[in-house]
Structures are given as C-alpha cells and as structure tokens.
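Next come the chains, spelled out residue by residue.
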Amino acid sequence: MRTNNRRNFIKTSLTAVAGLALSPALSHAFVLQFVQERLKYPFNAFEPYIDALTTEIHYTRHHTAYIKNVNEAIAAEKIPYTTVETFFENAASLSPKARNNGGGAWNHNFFFATLKPGSASVPKGKLKAAIDKAFGSVDRFKEQFAQAAASRFGSGWAWLVKDKGQLKITSTANQDNPLFGSAEVKGTPLLALDVWEHAYYLKYQNKRADYIANFWNVVDWDVVAGRLT
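Structure report, in brief. (Residues numbered from 1 in each chain as written. Predicted model: local features only at pLDDT ≥ 70, side-chain atom pairs only at ≥ 80, totals over all residues. Heavy atoms only, no water.)

1. Looking at the pattern of salt bridges
Piece 1. Across all of its chains, the model carries six salt bridges by this definition.
Piece 2. One salt bridge connects aspartate 176 with arginine 99, and the closest N-O pair in it is separated by 2.6 Å. Placement of the pair is aspartate 176 in the loop between strand E4 (166–173) and strand E5 (188–194) and arginine 99 in helix H4 (residues 96–113), with a sequence separation of 77 residues.
Piece 3. Judged by relative accessible area, which is 16%, aspartate 176 ranks as buried.
Piece 4. On the accessibility criterion, arginine 99 (18% relative accessible area) is buried.
Piece 5. Linking aspartate 163 and lysine 168 is a salt bridge whose minimum nitrogen-to-oxygen distance equals 2.9 Å.
Piece 6. Accessibility expressed as a relative area gives 11% for aspartate 163, which makes it buried.
Piece 7. For lysine 168, a relative accessible area of 31% gives the class partly exposed.
Piece 8. Linked by salt bridges that have partners in common, Lys68, Glu72 and Lys97 make up one network. (Salt bridge = Lys/Arg side-chain N within 4 Å of Asp/Glu carboxyl O. Helix = DSSP H or I, 4+ residues; strand = E, 2+ residues; numbered from the N terminus. Buried < 20%, exposed > 50% of the residue type's maximum accessible area, 1.4 Å probe, protein only.)

So this is what it looks like as structure tokens:
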C-alpha cells in the first residue's frame, strides 16, 4: 500500500529529521530521529479506566526509554533510512535494539494520541459507515477487535488498519506494527491498543479482558476518523 495518503500520514505522525550528516559520502542526508510527543492530558485524565500511575510509568519510563534507545541505535549503527516508512519497511534488516525500540517509540506516540478523558463516545459519519461496511456494526467491530487483543499471546498490540480502502483488524507481537515490511497484515493504522502487561497490570493484574473492555471509554474517535481520510 504505497499511496500518497499513507506517505503523508507517516511523515506527519511521529518523527522529525535532525540535521546530523550520516557520512561524508552521504552529506546531503540526515539521520532519522524519533521524538516523543507531549501527552495531551495529565496522568490522571483516563481514570478510572486507566489509572494515573500506570499512565505516568507508561509514558515517562517505557515510552521515554524507547525513544532514547532507538535514537542511540540509529546513531551507533549508522542506519541510513531517513523516513519512518523506509525504517519500518526494512525492519527485518535492523538490529533488535533498533527494530524493537523504533516500533515502541512510534506505537506509543500513536496510542497516547488516541486517548481522551471523559465518558464513552461512538464512531460517527464516514468512520461509522466504514466500520459498518467492514464488520457489520460497531458492536461487531468491537467484539472482533477485543478478540484480537485478548488472543495476542504474550506482549503485543491490536490494530484497526485501512488497506486499499478496506478496514481490517490485526495484531502484532512485541513492538511490531502494520507498517513493518514483514507484517502479516499491512495497512495504515487507525486505532491501536497496547496489550503489553506494563499497559494494564497495576490496575487489572491478569484481567486483560477487563482492560480491553474499558479501553472503549477513552478512545478519541475524532482522532481515529481523522486518520481515515
């Protein structure tokens, strides 16, 4: 899926290009830098569905570490890719440090940008129509998405993606995402749920299903809709 929409989406979603030359032979190119986007809300904004301590640790420790580690790997390994798109499409050729932390950096920016405080809302307009067309109804979509999140063994993510105009649900292991060249289902991400234990264990312990059910109370459907266009 190599559309202009996808390229524009990726370019505006996470990273900035820093003015560091790769080598004399590539003096015109610049090193890709992952940037941690500012959290839009205070840590307690998603209470009672996601507790404040989990949000604080998730953002200031886990997410911050992914940002630091991937940028270290890019510099140390002289990774030549200058866009997120090419970085992820070639993830299979990267070191575990670069691959895992690059995915973690991008995925968490995407995840946190999808959250909002307040009571549960619902998809509307073109987004609802697209969900209804792909899954039959919003309720059926939520059931299938929840199943993908619950059945992801170990650590990983559940995703709603757009692929060639069609909405699909998928999941990825560890910090992979649907932009990876090796992804089982590729597409433009619209919605993501982090099902690593660090995302929910302080509040929910082993009750991942409860965490998934409460996730719908903090989804910003306007953000999701904006990614659809």
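2. Examining the packing of helix H2 (residues 52–76) against H4
Piece 1. Here H2 crosses H4 at 140 degrees, and the two axes come no closer than 8 Å. Between H2 and H4, the angle falls in the class oblique. The two elements H2 and H4 meet at a crossing, and its hand is left-handed. Between H2, through His58, Tyr59, His63, Ala65, Tyr66, Ile67, Asn69, Val70, Glu72 and Ala73, and H4, the contact on the second element is made entirely by Lys97, Ala98, Asn100, Asn101, Gly102, Gly104, Ala105, His108, Asn109, Phe111 and Phe112.
Piece 2. Counted by class, the contact of H2 with H4 contains ten nonpolar, nine polar and two charged residues. (Axes fitted to C-alpha atoms, helices over the stretch in contact; angles between N-to-C directions. Parallel < 35°, antiparallel > 145°, perpendicular 65-115°, else oblique. Left-handed = near helix turned anticlockwise from the far one by under 90°. Contact = heavy atoms within 4.5 Å. Nonpolar A, V, L, I, M, F, W, Y, C, P; charged D, E, K, R; others polar.)

3. Describing the side chain of asparagine 177
Piece 1. Structurally, the position occupied by asparagine 177 is in the loop between E4 and E5.
Piece 2. There is a polar contact of 3.0 Å between the side chain of asparagine 177 and the side chain of asparagine 107.
Piece 3. Setting aside its immediate chain neighbours within four residues, asparagine 177 contacts Phe88, Gly103, Trp106, Asn107, Trp159, Thr172 and Ala183. (Polar contact = N/O pair within 3.5 Å; in protein donor to acceptor, adjacent residues only side chain to side chain.)

These figures capture arrangement, not role.
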